[in-house]
Amino acid sequence: MAETAALTAGAPPAPVERPRVTLVGTTLVAGACGMLLAGLLGTYLSLRAEALATSGEWFTDVTVKLPSPSIVAVSLGMSVVVAHWALWSFNHRDRRNGYVALALTLALGAASVNSVIYNWTQMGFAVDAQVQAVLVYAITGAHFVMLLAAMGFVALMGLRALGGQFHLGQSDGLAAAVLFWDAMVAAYLVIWYAVYITR
Amino acid sequence: MTATATRPATAGSTTDHDEVAAPTQSILGTADHKTVGLLFLGTGLLYLVVSLVAGLVVGFERLDPSTADLLTNDTDVLQVFALSQLGLLLLGVLPMLLGLALYLVPLQVGAPAIAFPRAAAAALWTWLLGSAMQLASFGINGGPWGGEPDGVELWATSTFLLILGLLLATVCVVTTVVAHRAPGMTLRRTPLLSWSMLVAGAIWLATLPVLLGDLLLIAIDHANGRLAFGLNTEMWGQVSWVLLAPAVLMATIPVLGIAGDVIPVHAKARQRFHDGVLVAIGGFGILTFGAWSRPLLASEPVDDSVLYQGMAMLAALPLLLALGAWIDTFRQGSLRLTGPVLASLLAVLGLLDVVGTGIAIAIPQTELAGTTAVNGVAGAALLIGVLGVLAALGHWSPKLFGRSVPDGAVKLGAVLVTAGAVAVLSGELVAGLYDQGPLPVGADLRDTAEAMAVVVLAGWALATLGVVVVAAALLTATLGEGEPADDDPWGGHTLEWATTSPPPPHNFAEVPLVTSAAPLLDASSPEEDAS
């Protein structure tokens, strides 16, 4: 008992260096988001295969256009490059380039938000008209929330970096935000191919 | 993130106002993993009793499916059935296991706090909000088969919130195991409860989001055209896959970790084949991944697939491996049948029984797939989860509450819950052999199936009684003026026993250095071979 008392007595312990915590947590959250989207896409592809096998067509009475979703894909693809540019800059103690890259990442994210909403209005897909619409809105809507969350995460970590909360050369919070951003873009590219390209 | 779980006490600065405000603040404003864990555990226990009573009501209605006795009509019976089934998983077993993990895992891995303490608190309140909304939704004729559209949407939203809260808590627990371990504690040296929570957490994070997606489809479709997913009659089929094997077995993964931490301590011996048990828990976890078995994904019945049949049969192997290791541990030490040991052994043997029944269902010639036998597997698997919680309460109650739960109450509770699980499993299995369908209404029962309905009802009654016995003993022990428990009454092997009971705000005065899977055993018998 004396040993136990000695072990637990006194002031709180000094914090231990835990550089990976945010990164690990973000990986888990990104994985869970991926599974949510994978489940929805699985349902979508399964029902589409069934419809194609029976009636030979999937989207009826609606034209799914490619330009807008493709612009989102290109925007998000570019955003991955600039997000990693931001991370590289902070890891190499280059604040100026880091802030420019973060601003560009968020700008490309905002452009994608704009394109996604524009695409929804252009499709004219009534959610109460077809099962296909329910699936498309569930998938793209869930990804839209993921995009907004990624933008918020990058903005938050950018502000923290701006406030000097990360030591230069060791910006794990920003690395976590970029990881989530990558996962979000990867998810979009899968959706873009499965929903819009293959139609 | 810096852990600011609990504000350090400042001696001599307490005013009367602080004394009044402190208890409320310590609950509502806390991010301390121990308080959050206990709140998950306590409310989970309460909702477990509610779900078990709902199961009893359904069991009573099944005695004569042609009429509704306690309830007014078949729709009500189906709604209470949905509440009892999903409630057992999302309101009872998973929250209680997560409550234990939130409390114990940081202590086991030598961390001063849980990872993301504020997220853990947010998880609790999200889950609590969801649970209240869930009960309200059933109260206003919502839920699957519900007649009130707003109630149905409230049910979908509340289930969404429940899962969201559970997932958030899971992220905190898994991150703690991965990134908060004490110096020297490799994954191979991680205590088995923490390891099992790492495995279970990974499976829960891979499975429950898929259920979230299904709920999203239900909510969107129900609020708009009600074309397919949102139809009242179709909802249950879209979410009930999580209550069928293999997915429902994910609730039993931590039971293996609990048994793995309890048995060596009470046998007074080092865990035999520790690495083998780690592999067994990991292997069993992988075999419980069941998101692929959703009916929305498959055009053919899942039960006919080779994957389903293979997974069902393979699931027995890791269990046998772990059981063999524990039998050998008893051989090295001594078989002391304390309450936690009895509950652990009954849980593992019961799990083998459940897996065995799963194998029988997977064999096409038995024609049990699609019958009520699947409800037997689900019910028994969840009761095995409850049994694991009882074992954990018996073993870790000194650490959790500063008081020991009477051993006799744990033994009695374990025997009653086991008897309940066996009755539910065997009753539903035999009824399944007589072609009784999985829903509790509309069936034209044969005599034998009718008799089995009595057995199943008795099973739920025994399980409810077992839980109430332990809950009452727990309340008496914690609220009474009994002797405070010792810091380490069992001679524990892992780090949680190196601190006081209950632990101080930051768990440990200094982060201990770990050199084996049983650091405290090494300290007490350094000459023994730690390998």
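Note that the coordinates shown come from a computational prediction; the quantities given were computed from them, not determined experimentally.

This part is about the confidence of the model for chain A. In the predicted model, chain A carries a mean pLDDT of 86, and 87% of its residues have values of at least 70. A low-confidence stretch, residues 1–11 of chain A stays under pLDDT 50, and its non-local contacts, those more than four residues away or across chains, total 18 contacts.

Take the interface of chain B and chain A next. Residue-level contacts link 43 residues of chain B with 37 residues of chain A. Here chain B and chain A share an interface that buries about 3,300 Å² over both sides, 76% of which is from carbon and sulfur atoms. Sorting the residues of chain B by area buried against chain A places Leu-217, Leu-227 and Ala-509 of chain B first, and these three jointly supply 15% of that buried surface. The tally of links from chain B across to chain A stands at zero salt bridges. The tally of links from chain B across to chain A stands at one residue pair in polar contact (both at pLDDT 80 or more). Elements represented by at least two residues in the side of chain B that touches chain A include exactly α5 (149–179) and α6 (192–223) of chain B. Looking at the side of chain B that touches chain A, the element that brings in the most residues is α6 of chain B, giving ten residues. Split by residue class, the side of chain B that touches chain A holds 28 nonpolar, ten polar and five charged.

On to helix α2 (residues 21–54) of chain A, then. Between its first and last C-alpha atoms α2 of chain A spans 50 Å; for 34 residues at 1.5 Å apiece the expected length is 50 Å, and the two agree. Backbone geometry just after α2 of chain A places Gly-56 of chain A at a positive phi near 85°.

What follows covers the packing of helix α3 (residues 74–108) of chain B against α6 of chain B. Residues and elements named next belong to chain B. α6 packs onto α3 with a crossing angle of 135° between their chain directions and a minimal axis gap of 10 Å. Between α3 and α6, the angle is such that the two are oblique. The hand of the α3/α6 crossing is left-handed. Residue-level contacts link Leu-94, Leu-97, Leu-98, Ala-101, Leu-104, Val-105 and Gln-108 of α3 to Leu-193, Ser-194, Met-197, Trp-204 and Leu-208 of α6. Here the residues of the contact of α3 with α6 are counted per class, giving ten nonpolar, two polar and no charged.

Next up on the list: a nonpolar patch on the surface. Residues and elements named next belong to chain A. On the surface, a nonpolar cluster with roughly 380 Å² of combined accessible area is contributed by Trp-85, Trp-88, Val-100 and Leu-104. Inspection of the secondary structure puts Leu-104 in helix α4 (residues 95–123). The exposure class assigned to Leu-104 is partly exposed, which follows from its relative accessible area of 37%.

The next thing to look at is the packing of aromatic side chains. Using the criterion set out here, one finds ten aromatic pairs over all chains in the structure. Both rings, one in Tyr-44 of chain A and one in Trp-58 of chain A, keep their centres 5.4 Å apart while their planes meet at 90°; by these two values the pair is edge-to-face. Of the two residues, Tyr-44 of chain A sits in helix α2 while Trp-58 of chain A sits in the loop between α2 and α3 (67–91), which places them 14 residues apart along the sequence. Trp-58 of chain A matches Tyr-44 of chain A in its accessibility class, with the two residues each being buried. Each ring, one from Phe-40 of chain B and one from Trp-127 of chain B, has its centre 5.3 Å from the other, and the planes form 45°; the classification is tilted. Of this pair, Phe-40 of chain B sits in helix α2 (residues 33–62) while Trp-127 of chain B sits in helix α4 (residues 117–139), and the two are 87 residues apart along the sequence.

What follows concerns the pattern of salt bridges. Residues and elements named next belong to chain B. The final tally for this structure, using the stated rule, is seven salt bridges over all chains. A salt bridge links Arg-188 to Asp-275; the shortest N-O distance between them is 2.5 Å. Residue Arg-188 is located in the loop between α5 and α6, and its partner Asp-275 is located in helix α9 (residues 274–287); the two are separated by 87 residues in the primary sequence. Since its relative accessible area comes to 56%, Arg-188 is described here as exposed.

Below, the discussion takes up the confidence of the model for chain B. Residue and element names in this part refer to chain B. The predicted model of chain B averages 88 in pLDDT, with 92% of residues at 70 or higher. Here residues 1–20 scores under 50 on pLDDT; set against residues more than four positions off or in separate chains, the count is 19 contacts. Across the assembled chains, the prediction reports ipTM 0.90 with pTM 0.91.

Take the packing of helix α5 (residues 131–162) of chain A against helix α6 (residues 172–197) of chain A next. All names here are of chain A. Where α5 meets α6, the axes come as close as 9 Å, and the angle between the chain directions of the two elements is 160°. On the basis of the axis angle, α5 is roughly antiparallel to α6. Pair α5 / α6 crosses with left-handed handedness. Split by residue class, the contact of α5 with α6 holds 22 nonpolar, four polar and no charged.

Okay, the side chain of Thr-43 of chain B next. Residue and element names in this part refer to chain B. Secondary-structure assignment places Thr-43 in helix α2. At 2.4 Å, the side chain of Thr-43 forms a polar contact with the backbone oxygen of Leu-39. If we ignore the near neighbours within four places in the chain, the residues touching Thr-43 are Trp-127 and Leu-128.

Parameters at a glance
Residues numbered from 1 in each chain as written. Chains lettered and ligands numbered in written order. Predicted model: local features only at pLDDT ≥ 70, side-chain atom pairs only at ≥ 80, totals over all residues. Heavy atoms only, no water. pLDDT = per-residue confidence, 0-100. Contact = heavy atoms within 4.5 Å. Buried area = accessible area lost by both parts, 1.4 Å probe. Salt bridge = Lys/Arg side-chain N within 4 Å of Asp/Glu carboxyl O. Polar contact = N/O pair within 3.5 Å; in protein donor to acceptor, adjacent residues only side chain to side chain. Helix = DSSP H or I, 4+ residues; strand = E, 2+ residues; numbered from the N terminus. Nonpolar A, V, L, I, M, F, W, Y, C, P; charged D, E, K, R; others polar. Expected span 1.5 Å × (residues − 1). Axes fitted to C-alpha atoms, helices over the stretch in contact; angles between N-to-C directions. Parallel < 35°, antiparallel > 145°, perpendicular 65-115°, else oblique. Left-handed = near helix turned anticlockwise from the far one by under 90°. Patch = residues over 30% accessible without salt bridge, like charges linked within 9 Å, V, L, I, M, F, W, Y side chains within 5 Å. Areas by Shrake-Rupley, 256 points an atom, 1.4 Å probe, with all protein chains shown as cover. Buried < 20%, exposed > 50% of the residue type's maximum accessible area, 1.4 Å probe, protein only. Phe/Tyr/Trp six-rings, centres within 6.5 Å; stacked < 30°, edge-to-face > 60°.

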